[in-house]
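Chain and residue survey
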Amino acid sequence: MSGTDRRADPNALRFLIGRELKVARERAGVSQTQAGSQLDCTATKINYLESGKSTQQQAEVMVLLKFYGADPSQIERISSLASQADRTTWWAPFSAVFPDWFKTFVGLEGLADSQFCYTSMHLPGQLQTAEYAAALLEGHLRVPPADAPAVVRGRMARQRLTGERPLRLRVVIEEYVLDRVAGGPSVMGSQLEHLLRVIELPTVELHVMPVGVAVHDGLDGDFIVLNFDSARSIGYVEYPAGALYIQEEEQVQLYKMATDRLCAAALSESDSVEAIRSRLAKLGIEERA
């Protein structure tokens, strides 16, 4: 995670640092009151630091992690995160159209080094074209028409599959996502062509789950796993009016295991490319070089 990364969102950093502090304290068998004695503060402040409600100062983070007996490399990693916590929120221009529960995810996604995404109904945001994204928002119950253009711009701003620190993206989509012609043949055709271009990137891995695979680990619903170079992975499950963040290590490991199993059950990368090309042919669109 680069110290000059424009995606160093302070809200997301507080979330990650707080989680690391809580896990380290609980592993050490230390109470919040005992931890507070190291900073000459109350247990309430420790709770605020762990929940991300308060900014964690770098010096405080180092004191606490040393008291918990954390590994020196972990202390260095987490204190480094704390040193970035005064950055400006990169997604501020879209704050009015991003729901509060979604802002945490956007911040975490911007900090992640890699992401796995399983989607059953549409392509994930990192792979969408602006026209496809707009088509998905047409008549949306929770996005007023006046806000839709800003939501689309925000979605495009989230994408970082290229550049100085690209997101390593691994995706499994259901086969019928390719058959849902959002926006009409022209919009969907451009979206499929865009897919063929981005999956050539070394940072992108896409698998199509055939309809013929009747049972697999994605049947419980869509999910995302965010992986960080300087912190533990987090699972993310979105529902219409909010989201759940899976933080318990055992649960996160189950989700990470599911990512490999889903990729193995789905079509290979090369066969997935052919599945996309076949949909272009059905739309009567000749693939452009």
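In short, a report on the structure. (Residues numbered from 1 in each chain as written. Predicted model: local features only at pLDDT ≥ 70, side-chain atom pairs only at ≥ 80, totals over all residues. Heavy atoms only, no water.)

**Focus: the pattern of salt bridges**
Put simply, the test is: Whenever Lys or Arg places a side-chain nitrogen within 4 Å of a carboxyl oxygen from Asp or Glu, that contact is recorded as a salt bridge. Helix and strand labels come from DSSP, where a helix needs a run of H or I of at least four residues and a strand needs a run of E of at least two; each type is numbered from the N terminus. Accessibility here uses a 1.4 Å probe with only protein chains present; expressed as a share of the type maximum, an area under 20% marks a residue as buried, one over 50% as exposed, and anything in between as partly exposed.
One pass over the full model with this rule turns up 14 salt bridges. Here Asp113 ties to Arg165 by a salt bridge, and the two come within 3.3 Å at their closest N and O atoms. Remark: Arg165 occurs in the loop between helix 8 (148–158) and strand 2 (168–174) and Asp113 occurs in the loop between helix 6 (100–111) and strand 1 (114–119); sequence separation between them is 52 residues. The burial state of Asp113 is the same as that of Arg165; both residues are buried. Arg279 is the salt-bridge partner of Glu175, the closest N and O atoms lying 3.1 Å from each other. In this pair, Glu175 is assigned in the loop between strand 2 and helix 9 (176–179) and Arg279 in helix 12 (residues 269–282), connecting sequence segments 104 residues apart. Just as Glu175 is buried, Arg279 falls in that class too. One continuous salt-bridge network, built from bridges that share partners, spans Glu20, Arg27, Arg232 and Glu249.

**Considerations on the sheet that holds strand 2**
This is how the line gets drawn: Pairs of strands are assigned from DSSP output, requiring at least two bridges between the strands. Geometry is summarised by axes, namely lines fitted to C-alpha atoms with helices restricted to the contacting stretch, and by angles between N-to-C directions that run from 0 to 180 degrees.
Here we have six strands laid out as an open sheet, ordered 3-2-1-4-5-6, and mixed in their pairing. Every other strand in the sheet has two partners, leaving strand 3 (204–209) and strand 6 (242–246) as the edge strands with one partner each. Averaged over all pairs of adjacent strands, the angle between their axes in this sheet comes to 15 degrees, without regard to strand direction. The sheet contact formed by strand 5 (residues 234–239) and strand 6 spans five bridges and is antiparallel.

**Digging into the packing of helix 1 (residues 10–28) against helix 5 (residues 72–82)**
Going by this rule: Oblique is the label for any angle not covered by the other classes, which are roughly parallel (under 35 degrees), roughly antiparallel (over 145) and roughly perpendicular (65 to 115). Here a crossing is taken to be left-handed if its near helix is turned anticlockwise relative to the far helix by less than a right angle, and right-handed if that turn runs clockwise. It only takes one pair of heavy atoms within 4.5 Å for two residues to be counted as in contact. In this classification, the charged set is Asp, Glu, Lys and Arg, the nonpolar set is Ala, Val, Leu, Ile, Met, Phe, Trp, Tyr, Cys and Pro, and all remaining amino acids, among them Gly, are polar.
Interaxial distance between helix 1 and helix 5 falls to 9 Å at its minimum, and their mutual angle equals 150 degrees. With respect to helix 5, the axis of helix 1 lies roughly antiparallel. In this structure, helix 1 crosses over helix 5, and the sense of that crossing is left-handed. Each of Leu13, Ile17 and Glu20 in helix 1 lies in contact with helix 5, whose residues at this interface are Gln74, Ile78, Leu81 and Ala82. Along the lines of polarity and charge, the residues of the contact of helix 1 with helix 5 split into five nonpolar, one polar and one charged.

**Description of unusual backbone geometry**
Positive phi values are uncommon outside glycine, yet Asp40 reaches one of about 55 degrees. With respect to the helices and strands, the residue Asp40 is situated in the loop between helix 2 (32–39) and helix 3 (43–51).

**Observations concerning the layout of surface pockets**
To be explicit about the condition: Here a cavity means grid points, on a 1 Å grid over the protein atoms only, where a 1.4 Å probe fits yet cannot get out; a pocket means an open set of points with protein on both sides within 12 Å along at least five of seven lines; lining residues are those with an atom within 4 Å of a point. Grid points are joined across faces, edges and corners, and a volume is the space filled by probe spheres set on the points.
By volume, the largest pocket is sized at about 1,100 Å³. Forming the walls of the largest pocket are 36 residues, and the residues nearest its centre are Trp101, His122, His140, Arg155 and Glu238. Put simply, the parts of the chain that give the lining of the largest pocket at least two residues each are helix 6, strand 1, helix 7 (130–137), helix 8, strand 4 (223–227) and strand 5. When its residues are assigned to classes, the lining of the largest pocket shows 22 nonpolar, seven polar and seven charged.

**A few points about the packing of aromatic side chains**
As a reminder, the rule being used: Each Phe, Tyr or Trp ring (for Trp, its six-membered ring) is paired with any other whose centre lies within 6.5 Å, and the angle between the two planes then decides the class: stacked below 30 degrees, edge-to-face above 60, tilted in between.
Counted under the stated rule, the structure contains eleven aromatic pairs. Ring centres of Phe94 and Phe98 lie 5.9 Å apart, and the angle between their planes is 35 degrees; this geometry places the pair in the tilted category. Each of the two residues, Phe94 as well as Phe98, counts as buried. Feature note: the residues Phe15, Phe94, Phe98, Trp101, Phe102, Phe105, Tyr236 and Tyr245 constitute an aromatic cluster, connected by ring pairs.

Remember that the coordinates give geometry; whether it matters functionally is a separate question.
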